[in-house]
Amino acid sequence: QVQLVESGGGLVQAGGSLKLSCVASGSAFIPGSMAWYRQTPWKQRELVATITKLRVTNYADSVKGRFTISSNNAKHTVYLEMNSLKPEDTAVYYCKALILGMEYWGAGTRVTVSS
């Protein structure tokens, strides 16, 4: 069974940095794509960044220039490096993997940015 486990969340001051990691286990196949989403109690879950197996990336406008998504296909791991964090980046961040047409989600890691 495929499982995704995120890590790296925490509390940081505005302007600071965090790096999130997500490991996909339980599949011999490299995910076709992986992505980071985030959600707050007052907003729907929104896409933050995606990366394909060929490392083509895409970002939400709100994080362009501040966040960087990367991956290690051999380790079935995706990362999200977050710089110049703002209070509005506060959310639970979720990892998603697409493997053989199936979507898998992690349980999320909380990021809190204090002003």
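This text goes with the structure placed above it.
One structure accompanies this document, and this report is about it. (Residues numbered from 1 in each chain as written. Predicted model: local features only at pLDDT ≥ 70, side-chain atom pairs only at ≥ 80, totals over all residues. Heavy atoms only, no water.)

Applying the stated criterion to the full structure yields 1 aromatic pair. A cation over a ring is seen here: Arg45 above Tyr94, with NZ or CZ 3.8 Å from the ring centre. A cation over an aromatic ring shows up here: Arg45 above the ring of Trp105, its NZ or CZ 4.8 Å from the ring centre. (Phe/Tyr/Trp six-rings, centres within 6.5 Å; stacked < 30°, edge-to-face > 60°. Lys NZ or Arg CZ within 6 Å of the ring centre and 35° of its normal.)

This part takes up the state of the cysteines. All chains considered together, the criterion is met by 1 disulfide. Linked covalently through their sulfurs, Cys22 and Cys95 form a disulfide whose S-S length is 2.1 Å. Between Cys22 and Cys95 the sulfur-sulfur dihedral comes to about -80 degrees; the bridge is accordingly left-handed. Residue Cys22 is located in strand β3 (residues 18-25), and its partner Cys95 is located in strand β9 (residues 91-99); the two are separated by 73 residues in the primary sequence. With respect to class, Cys22 is no different from Cys95; both count as buried. (Disulfide = S-S within 2.5 Å. Helix = DSSP H or I, 4+ residues; strand = E, 2+ residues; numbered from the N terminus. Buried < 20%, exposed > 50% of the residue type's maximum accessible area, 1.4 Å probe, protein only.)

Inspection of the secondary structure assignment puts Val2 in the segment before β1 (3-7). Leave out the neighbours within four places in its chain, and Val2 touches Ser25, Gly26, Ser27, Ile99 and Tyr104. (Contact = heavy atoms within 4.5 Å.)

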